[in-house]
Amino acid sequence: LRKYTFSTRAGGVVFALFLLHNEKAAKVMDELLPTPNSRAWKKWKTIVLNITQRRGDFDSVISEWDDGTWTDTEKKMLESLFQDARDAHRTFKR
């Protein structure tokens with residue numbers, strides 16, 4: 001039995017989504033990680049669900065969300081959330 005530790009809840013949820021890889025991922029994500037109703041969280045959730053369903057990676061994800069319309073606060077939050085997702089994906093690939 002392996003034990004995994006993530007620095008944030010978001011990273012743990014992304015790891016779980018890669019393990020599950022099924023059509024109920026959005027429901028699982030909502031239950032494990034209730035996200036605020038903000039534009040940044042919605043964008044992050046949409047991209048994460050897309051990537052985990054197609055077993056993609058987060059290496060070039062910035063091009064999927066950085067359209068120049070984000071505030072500095074939103075951009076920092078998204079960068080942090082996607083870093084957590086990248087870390088979770090690297091752990092999953094091991």
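Structural notes, computed from the coordinates. (Residues numbered from 1 in each chain as written. Predicted model: local features only at pLDDT ≥ 70, side-chain atom pairs only at ≥ 80, totals over all residues. Heavy atoms only, no water.)

1. Overview of the side chain of Thr91
Next up, step 1: For Thr91, the location among the structural elements is in helix H5 (residues 72-93).
Next up, step 2: Judged by its relative accessible area of 12%, Thr91 falls in the buried class.
Next up, step 3: With near-sequence residues (within four places) excluded, Thr91 lies in contact with Tyr4, Phe6 and Phe15. (Helix = DSSP H or I, 4+ residues; strand = E, 2+ residues; numbered from the N terminus. Buried < 20%, exposed > 50% of the residue type's maximum accessible area, 1.4 Å probe, protein only. Contact = heavy atoms within 4.5 Å.)

2. So, the side chain of Glu74
Next up, step 1: Here Glu74 shows up in helix H5.
Next up, step 2: A distance of 2.9 Å separates the side chain of Glu74 from the backbone nitrogen of Thr71, its partner in a polar contact.
Next up, step 3: The residues contacting Glu74, other than those within four sequence positions of it, are Arg39, Ala40 and Thr69. (Polar contact = N/O pair within 3.5 Å; in protein donor to acceptor, adjacent residues only side chain to side chain.)

3. Things to note about helix H3 (residues 39-53)
Owing to its 3.6 residues per turn, the α-helix brings residues three or four apart onto one side.
Next up, step 1: A rise of 1.5 Å per residue sets the reference length of H3, with its 15 residues, at 21 Å; its end C-alpha atoms lie 21 Å apart and thus fit the reference within 8%.
Next up, step 2: Those residues of H3 that sit buried are Ala40, Trp41, Trp44, Lys45, Ile47, Val48, Leu49, Ile51 and Thr52.
Next up, step 3: Downstream of H3 by a residue or two, Arg55 has a phi angle that is positive, lying close to 55°. (Expected span 1.5 Å × (residues − 1).)

Function-wise, these values are silent; they only describe arrangement.
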